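# Structural overview
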Amino acid sequence: MPQAVILAGGAGERFWPLTSKTFPKYRIQIDGESLLQKTYRRLLSVYSPAHIHVVTTREQASFIRKEIPKLPKQNLIVEPCRRNTAAAILLSCLTLAKRFGEQEIVSFFPADHLIKNEKVFKKLILTAVTAANKNEILITLGVKPTFPA
């Protein structure tokens, strides 16, 4: 069964003064839900709760527990120290390989994205997971830029 990992690190520097070290971007509320909660709910349309994981820092672990109370305890991966995205992905892969085997398909999702068309999102993720399962390839999905930023 494919696994999903929500990347919930962040130093809270990009949206200052709205964010801070203790209040990263994924904690911002939109329509009564944090971006983290929106990401988790969106993934529930594709993955079972047992197959959704969150990788975060020690400082944010208790917040993650409060925001996603149904997240299984073993599905919270806590980084021993902050080392940015690549290290968080490596730690997640090593943790999940130990738990589920090395051939497991793992998808990564930033906790702070706002995706409005969730039907298209679900279709793309299912298509990507199917292709990765058939071809054992790395697939990257993104948004086509409309301007330089």
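An account of the accompanying structure is given in this report. Residues take numbers from 1 onward in each chain, read along the sequence in its written order. Per-residue local features are limited, in this predicted model, to residues with pLDDT of at least 70; the limit for side-chain atom pairs, both in listing and counting, is 80 or more; totals at the level of whole chains, interfaces and linings are taken over all residues. Hydrogens and water are ignored here; the side-chain numbers use all heavy atoms of the structure.

## A word on helix H1 (residues 35-43)
Filter applied, for reference: Throughout this description, buried means an accessible area under 20% of the type-specific maximum (1.4 Å probe, protein chains only), exposed means over 50%, and partly exposed covers the range between. Under the scheme used here, helices are H or I runs from DSSP no shorter than 4 residues and strands are E runs no shorter than 2 residues, and both carry numbers assigned from the N terminus.
Within H1, seven of the nine residues are buried, leaving the element largely enclosed by the surrounding structure. Taken together, the buried positions of H1 are Leu35, Leu36, Lys38, Thr39, Tyr40, Arg42 and Leu43.

## Some thoughts on the nonpolar core
Quick note on the threshold: Side-chain atoms within 4.5 Å link the members of a nonpolar core, which is a set of buried Ala, Val, Leu, Ile, Met, Phe, Trp, Tyr and Cys residues. Between two residues, a contact is recorded if the distance between any of their heavy atoms is within 4.5 Å.
Counting residues in each nonpolar core, the largest one holds 22 residues, and the members touching the most others are Ile6, Leu36, Leu43, Tyr47, Val54 and Ile64. The set of elements that each furnish at least two residues to this core consists of strand E1 (3-8), H1, strand E4 (52-56), helix H2 (58-67) and helix H4 (118-135). With residues near it in sequence (within four places) discarded, Val54 still touches Ile6, Ala8, Ile64, Ile68, Leu71, Asn75, Leu76 and Ile77. Among the nonpolar cores identified, the runner-up in size contains six residues, and Val5, Leu7, Val55 and Ala88 belong to it.

## Some words on the pairing of E4
Our working definition: Note: two strands are recorded as paired if DSSP finds a minimum of 2 bridges between them. We call a crossover right-handed when, viewed with the strands running away from us, the connection from the first strand over the helix to the second turns clockwise.
Among the five residues of E4, five are classified as buried, and the element is accordingly described as predominantly covered. In E4, alternate side chains face the same way, and those of Ile52, Val54 and Thr56 on one face and His53 and Val55 on the other are all buried. As defined by bridge partners, E1 adjoins E4 across five bridges and the pair is classed as parallel. By the bridge assignment for E4, Val5 is matched with His53. Looking at chain direction, E4 and strand E5 (residues 76-78) are connected through three bridges and run parallel. Bridge pairing in E5 places Val55 opposite Ile77. For the crossover from E4 across H2 to E5, the handedness is right-handed.

## With respect to the sheet that holds strand E6 (residues 106-110)
Test applied: In this analysis, axes come from line fits to C-alpha atoms, helices being fitted only over the stretch in contact, and the angle between any two N-to-C directions falls in the range 0 to 180 degrees.
The strand order across the open sheet formed by four strands is E5-E4-E1-E6, and the pairing between neighbours is parallel. The two strands at the open ends of the sheet, each matched to only one other strand, are E5 and E6. Strand after strand, the sheet turns through a mean of 25° between neighbouring axes, direction not considered. With respect to the sheet, helix H3 (residues 84-100) is in contact with E1, E4, E5 and E6, its orientation differing from that of E1 by roughly 150°.

## Here's the deal with the packing of aromatic side chains
Each pair of aromatic rings is reported with the distance of its centres and the angle of its planes. The condition that has to hold: Stacked, tilted and edge-to-face are the three classes assigned to paired rings of Phe, Tyr and Trp, where Trp is represented by its six-membered ring and a pair needs centres within 6.5 Å; plane angles under 30 degrees give stacked, over 60 edge-to-face, the rest tilted. Here, over-ring charges are defined by two tests on the NZ atom of lysine or the CZ atom of arginine: distance to the ring centre within 6 Å, and angle to the ring normal within 35 degrees.
All chains considered together, the criterion is met by three aromatic pairs. Here the aromatic cluster, defined as three or more aromatic residues joined through ring pairs, consists of Tyr47, Phe109 and Phe121. Above the plane of the ring of Phe63 lies Arg27, whose end atom (NZ or CZ) is 3.7 Å from the centre. Sitting above the plane of the Phe121 ring, Arg42 keeps its charged end 5.4 Å from the centroid.

## Concerning the layout of surface pockets
Heads up, the condition is: Here the term cavity refers to a set of points on a 1 Å grid, laid over the protein atoms alone, in which a 1.4 Å probe fits but cannot get out; the term pocket refers to an open set having protein on both sides within 12 Å along at least five of seven lines, with lining residues being those that place an atom within 4 Å of a point. Grid points are joined across faces, edges and corners, and a volume is the space filled by probe spheres set on the points. Asp, Glu, Lys and Arg are counted as charged, while Ala, Val, Leu, Ile, Met, Phe, Trp, Tyr, Cys and Pro are counted as nonpolar; the rest, among them Gly, fall into the polar class.
Here the largest pocket defines a volume of roughly 1,300 Å³. Every residue lining the largest pocket is counted, 39 residues in all, and those nearest its centre are Ser107, Phe108, Ile139, Thr140 and Leu141. The set of elements that each furnish at least two residues to the lining of the largest pocket consists of H1, H3, E6 and H4. Counting residues per element, the lining of the largest pocket draws most heavily on H4, which supplies eight residues. Split by residue class, the lining of the largest pocket holds 25 nonpolar, 10 polar and four charged.

## Let's talk about the pattern of salt bridges
Here the idea is simple: oppositely charged side chains can pair when their charged atoms come close. This is how it is decided: Criterion for a salt bridge: a side-chain nitrogen of Lys or Arg within 4 Å of a carboxyl oxygen of Asp or Glu.
With the rule as written, the count across this model stands at four salt bridges. The partner of Lys38 in a salt bridge is Glu33, and the shortest N-O contact between them spans 3.5 Å. Assigned by exposure class, Lys38 and Glu33 land together as buried. Across the salt bridge formed by Glu118 and Arg41, the nearest N and O atoms sit 3.3 Å from each other. Note that Glu118 is positioned in helix H4 and Arg41 in helix H1, a separation of 77 residues in sequence. For Arg41, a relative accessible area of 36% corresponds to the partly exposed category. Linked through salt bridges whose partners overlap, the residues forming this network are Glu33, Lys38, Arg41 and Glu118.

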